[in-house]
Amino acid sequence: FGTRRASQKRRGREEGPFAFSPGSEASAPMSFSVTLFSFQKYDNNFLVPALKEHCGEAHVKTLPLALSTDTVELAGSSQAVCLFVNDVADREVLTRLSKQGCKLIVLRNAGFNNVDLEAAGELNISVRRVPAYSPYAVAEMAVALLLAVVRKIPKAYNRVREHNFSISGLEGFDIRGKTIGILGTGNIGKITAGILKAFGPSRLLGHDAFPSDECKAMGMEYVSLEELCKECDIISIHVPLFPSTYHIIGKETLALMKPNVVIINTSRGGLVDAEALVDALKANKIGGLAMDVYEHESSFFFHDCSDQVFGDDILSRLLSFHNVIITAHQAFLTKEALEQISLTTLQNIEDFKAGKESRNEVKAISKVYLGGCFQVSPRIHKEAFFRRGSTIVPVIPLHHASLPCEGLAGADLRVACQVSFVACF
């Protein structure tokens, strides 16, 4: 980056968030147009200055509006759009972006459930994400929410601010000695498990299609989803949102749980059936609920709605319970995470411009007719899966996985993954 030294000097340090240069030498800003949707003030701390430095200030447009069919025209002729969790990039939006000249979608988050990958592939639009920014940020937030709901910290704080120093009704419980369940043991789930292990739980249970050796080494027992729900006093959710995990916590799984179970969700709102939560809370099934995400958050989260009539009856009902804490999707929001998001986003743009393959690219490969074996690279991420109808079969990303395709011949193969290469034989 041609001006990175000056920008570092303004921040009062030699090394900073832009202290790298794609390629061997720093270069002048490249003319590459980007429209950033769902802009927030914190984006001015790292991402927007970095984009302007890299692409040229005149070529970066920021919009506080989310991408949708109503706002897609605002991207103009931008070669890339930069999206966040509540932007909608469905087939209609992608088709219109393609007609406007867009060739790249850079996601400044890990999840890609809001992008129609099949449509993007058909339209030759590359989709690249930030697979890991600061898993510690989200893991630490999960534990913070757990402590807040278990020890009734918001209620205690509000009392003292009103000069009410009574501690009546603030009784909590020790985390030590409880059975803790981690639903999803990827990077964030693994770190959360490590933090909670230090509290001294009696058992640490996990559920994941791909058990982690590191979690096993810390004493985690991998069990079925049903057993995890039945046995745990505390459940922390860290799985990605796919059709197979939509409402993974719902009426049936809630019915299996212990009375007074504590549920933490810092992953995706759609993993939990919000209406089923209301019913379970009314029945005193749930002892505590803390969420940084909500199933229908896109209309409200990241916006100030304090002067409006609030139209979401389910969210209003959840907020009315004394044992519920909801934050507005802020688990990722740390200095370190924002810096890493900026760096990876810039690298994704640079790789695209250079025509380089990227482990951060996500693709959907469909209508591949199978016979014999399907072979995948060891670099394919664990989110790869076969789909036939409603049946989803994960691809195991260990070395060169050679998977027999008996029973799958002629089926659609859909892969949502970090692609190194995919070969069918």
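Conventions used here
Residues numbered from 1 in each chain as written. Predicted model: local features only at pLDDT ≥ 70, side-chain atom pairs only at ≥ 80, totals over all residues. Heavy atoms only, no water. Phe/Tyr/Trp six-rings, centres within 6.5 Å; stacked < 30°, edge-to-face > 60°. Helix = DSSP H or I, 4+ residues; strand = E, 2+ residues; numbered from the N terminus. Buried < 20%, exposed > 50% of the residue type's maximum accessible area, 1.4 Å probe, protein only. 1 Å grid on protein atoms, 1.4 Å probe; cavity = no way out; pocket = protein on both sides within 12 Å on 5 of 7 lines; lining within 4 Å. Points joined across faces, edges and corners; volume = space filled by probe spheres on them. Nonpolar A, V, L, I, M, F, W, Y, C, P; charged D, E, K, R; others polar. Disulfide = S-S within 2.5 Å. Core = buried A, V, L, I, M, F, W, Y, C linked by side-chain atoms within 4.5 Å. Pairing = 2+ DSSP bridges. Axes fitted to C-alpha atoms, helices over the stretch in contact; angles between N-to-C directions. Contact = heavy atoms within 4.5 Å. Salt bridge = Lys/Arg side-chain N within 4 Å of Asp/Glu carboxyl O. pLDDT = per-residue confidence, 0-100. Parallel < 35°, antiparallel > 145°, perpendicular 65-115°, else oblique. Left-handed = near helix turned anticlockwise from the far one by under 90°. Right-handed = clockwise from strand over helix to strand, strands pointing away.

Moving on, we come to the packing of aromatic side chains. Scanning the model with the defined rule gives 5 aromatic pairs in all. A centroid spacing of 4.5 Å and a plane angle of 45° characterise the contact between Phe 300 and Phe 310, whose relative ring orientation is tilted. Highlighted residues: Phe 300 in the loop between β11 (286–291) and α12 (313–319) and Phe 310 in the loop between β11 and α12, separated in sequence by 10 residues. In this structure Phe 300 comes out as buried when scored by relative accessible area, which is 17%. Its relative accessible area of 31% is what places Phe 310 among the partly exposed residues. These aromatic residues form a ring-pair network of at least three members: Tyr 42, Phe 84 and Phe 332.

In total, this model carries 1 cavity of 30 Å³ or more according to the counting rule given. Approximately 90 Å³ is the volume attributed to the largest cavity. What lines the largest cavity is simply Tyr 42, Asp 43, Phe 46, Leu 47, Phe 84, Arg 108, Phe 332, Leu 338, Ile 341 and Ser 342. Sort the elements by how many residues they give to the lining of the largest cavity and helix α13 (residues 335–354) lands first, with 3 residues. Here the residues of the lining of the largest cavity are counted per class, giving 7 nonpolar, 1 polar and 2 charged.

Another aspect to go through is the state of the cysteines. Taken as a whole and judged by the stated rule, the model has 0 disulfides. With no disulfide partner, Cys 82 has as its closest neighbouring cysteine sulfur the one in Cys 55, 9.9 Å distant.

What follows covers the nonpolar core. Membership of the largest hydrophobic core comes to 37 residues, with the highest contact counts inside it found for Ile 237, Leu 254, Ile 263, Leu 277, Ile 286, Leu 289 and Leu 318. Looking at this core, the elements that each hand over two or more residues are α9 (225–231), β9 (234–237), β10 (261–265), α11 (274–282), β11, α12 and β12 (324–326). Here this core takes 6 residues from α11, the largest share from any one element.

Once that is clear, we can look at the sheet that holds strand β4 (residues 104–107). Spatially, β2-β1-β3-β4-β5 is the arrangement adopted by the 5 strands of the open sheet, whose pairing is parallel. The open sheet has two free edges, formed respectively by β2 (60–62) and β5 (126–128), since each of these has just one partner strand. Averaged over all adjacent pairs, the angle separating strand axes in this sheet is 20°, with direction ignored. Sheet topology note: the strand β3 (residues 80–83)/β4 ladder contains 4 bridges and is parallel. What sits directly across from Val 81, in β4, is Ile 105. Packed on one face of the sheet, α13 meets β1 (34–36), β3, β4 and β5 and runs near 160° to β4.

In total, this model carries 10 salt bridges according to the counting rule given. Between Arg 91 and Glu 122 there is a salt bridge, and its shortest N-O distance comes to 2.8 Å. Here Glu 122 lies in helix α4 (residues 117–122) and Arg 91 lies in helix α3 (residues 91–100), a separation of 31 residues in the sequence. Between Glu 92 and Arg 96 there is a salt bridge, and its shortest N-O distance comes to 3.8 Å. Here Glu 92 and its partner Arg 96 are both found in helix α3, 4 residues apart, which amounts to about one turn of the helix. Arg 96 gets classed as partly exposed once you look at its relative accessible area, which sits at 23%.

Within this model, the second largest pocket holds a volume of roughly 500 Å³. Around the second largest pocket, the lining is made up of 27 residues, and of these Val 85, Asn 86, Asp 87, Asn 114 and Ser 298 lie nearest the centre.

Averaged over all residues, the pLDDT of the chain equals 82, while 79% of them reach at least 70. Contacts for the low-pLDDT stretch residues 1–27, under 50 throughout, to residues beyond four places or in other chains number 48 contacts. Here residues 366–425 is modelled with pLDDT under 50, and outside its nearest four sequence neighbours on either side it reaches 136 contacts, counting other chains as well.

On to the packing of helix α2 (residues 47–55) against α13. Following both chains from N to C, one finds α2 and α13 inclined at 30°, their axes separated by 9 Å at the closest point. The orientation of α2 with respect to α13, classified from their angle, is roughly parallel. For the pair α2 and α13, the sense of crossing is right-handed. For the pair α2 and α13, the contacting residues are Leu 47, Ala 50, Leu 51 and His 54 in the first and Ser 342, Thr 345, Leu 346, Ile 349 and Glu 350 in the second. Here the residues of the contact of α2 with α13 sort into 5 nonpolar, 3 polar and 1 charged.

Of all the 5 residues making up β10, 5 are buried; the element is thus mostly covered by neighbouring parts of the structure. Burial along β10 is two-sided: the face carrying Val 261, Ile 263 and Asn 265 and the face carrying Val 262 and Ile 264 are both buried. In this sheet, β10 lies alongside β9 in parallel orientation, the contact comprising 4 bridges. By the bridge assignment for β10, Ser 236 is matched with Ile 264. On the question of chirality, the crossover connecting β9 to the parallel β10 by way of helix α10 (residues 251–256) is right-handed. Where β10 and β11 come together, 5 bridges link them in parallel fashion. Each residue of the ladder has a partner; that of Val 261, found in β11, is Ile 286. Handedness of the β-α-β unit built from β10, α11 and β11 comes out right-handed.

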